[in-house]
Amino acid sequence: MVAKIETALLWLIETICLALLIALALAVIYSTTMRYLGASPSWYDEIASVLLAWLTYFGATYALFLRHHMSFGGIVTALPRRAAIALALFSEFLVVGFFAVVAWYGNAVLAVAKWDSLLSIRWMTLDIVQSVIPVTAVLMIIGTFLTMPRALRNAAAGIDTDHAEIEQAIAEAERENAQASEKDDTK
């Protein structure tokens, strides 16, 4: 059940990232074309900034769900099993605590931001723009809890996922290199 929720949320976040990336690319292409034609849109700078900020926040959320964020896995794997689990658990709760504070204060900012708007698009209030902060903070908390069991299992097993991925990539490259040299030898 947890894996299905994680997969669904990951798909949703990925879709949002893709939509934001496409919208940003289209806005840049449109603006560039219109500037070339001498009719520069007034809204471009603000919208591009907002789209890039949203893409950054949702991209960071996506990276958290995949556990591709900065970590110190080498330190955890160097510790004895109990200490590794304790440190991993402590770091998980630090992450949750940090994003809880971000969500709380991000939500508090929305009450103030609703009275202000973008300069070029008056109907878009800053609470809409700033809503990405508490939304992604809550998603990051959910992502941390959903992926925490896997992180704790890796800490208990002494697996550093960064090194494991590097070793896997090296093994795949060596396998491909061996296959390519076999094909060259048969020629």
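The structure we're discussing is the one just above.
Nothing here was measured: the structure is a model prediction, and the numbers come from that model. (Residues numbered from 1 in each chain as written. Predicted model: local features only at pLDDT ≥ 70, side-chain atom pairs only at ≥ 80, totals over all residues. Heavy atoms only, no water.)

1. Considering the nonpolar core
Line of reasoning, step 1. Counting residues in each nonpolar core, the largest one holds 23 residues, and the members touching the most others are Ile 13, Leu 20, Ile 47, Phe 58, Phe 65 and Met 124.
Line of reasoning, step 2. Sort the elements by how many residues they give to this core and helix α2 (residues 44-66) lands first, with 9 residues.
Line of reasoning, step 3. In contact with Phe 58, not counting residues within four places along its chain, are Ile 13, Ile 16, Cys 17, Leu 20, Val 132, Val 135, Thr 136 and Leu 139. (Core = buried A, V, L, I, M, F, W, Y, C linked by side-chain atoms within 4.5 Å. Buried < 20%, exposed > 50% of the residue type's maximum accessible area, 1.4 Å probe, protein only. Helix = DSSP H or I, 4+ residues; strand = E, 2+ residues; numbered from the N terminus. Contact = heavy atoms within 4.5 Å.)

2. A closer look at the environment of Ala 108
Line of reasoning, step 1. Mapped onto the elements, Ala 108 comes out in helix α4 (residues 81-113).
Line of reasoning, step 2. In this structure Ala 108 comes out as partly exposed when scored by relative accessible area, which is 39%.
Line of reasoning, step 3. Sequence separation between Ala 108 and Ser 71 is 37 residues, and the spatial gap between their C-alpha atoms is 29 Å.

3. A look at the packing of aromatic side chains
Line of reasoning, step 1. Evaluation of the coordinates by the stated rule reveals 3 aromatic pairs.
Line of reasoning, step 2. Look at Tyr 30 and Trp 43: their rings are 5.8 Å apart centre to centre, the planes differ by 10 degrees, and that puts the pair in the stacked class. Separated by 13 residues along the polypeptide, Tyr 30 in helix α1 (residues 2-36) and Trp 43 in the loop between α1 and α2 bring together distant segments of the chain.
Line of reasoning, step 3. The class of Tyr 30 is partly exposed, set by a relative accessible area of 40%.
Line of reasoning, step 4. Arranged with centres 5.1 Å apart and planes meeting at 75 degrees, the rings of Phe 98 and Phe 99 form a pair that is edge-to-face. (Phe/Tyr/Trp six-rings, centres within 6.5 Å; stacked < 30°, edge-to-face > 60°.)

4. With respect to the layout of surface pockets
Line of reasoning, step 1. Volume-wise, the largest pocket comes out at about 870 Å³.
Line of reasoning, step 2. What lines the largest pocket is a set of 33 residues, among which Arg 67, His 69, Ser 71, Phe 72 and Glu 92 lie closest to the centre.
Line of reasoning, step 3. Counting only elements with at least two residues in the lining of the largest pocket, the list comes to α2, α3 (73-78), α4, α6 (132-157) and α7 (161-186).
Line of reasoning, step 4. When residues in the lining of the largest pocket are grouped by element, the largest group, 9 residues, is from α4.
Line of reasoning, step 5. Across the lining of the largest pocket, the residue classes break down as 18 nonpolar, 9 polar and 6 charged. (1 Å grid on protein atoms, 1.4 Å probe; cavity = no way out; pocket = protein on both sides within 12 Å on 5 of 7 lines; lining within 4 Å. Points joined across faces, edges and corners; volume = space filled by probe spheres on them. Nonpolar A, V, L, I, M, F, W, Y, C, P; charged D, E, K, R; others polar.)

5. Describing the packing of α1 against α2
Line of reasoning, step 1. Between α1 and α2, the least distance of the axes is 9 Å, while the angle of their chain directions is 155 degrees. When the axis of α1 is compared with that of α2, the two are roughly antiparallel. For the pair α1 and α2, the crossing hand works out as left-handed. (Axes fitted to C-alpha atoms, helices over the stretch in contact; angles between N-to-C directions. Parallel < 35°, antiparallel > 145°, perpendicular 65-115°, else oblique. Left-handed = near helix turned anticlockwise from the far one by under 90°.)

Everything listed is a geometric property; what it means functionally is a separate question.
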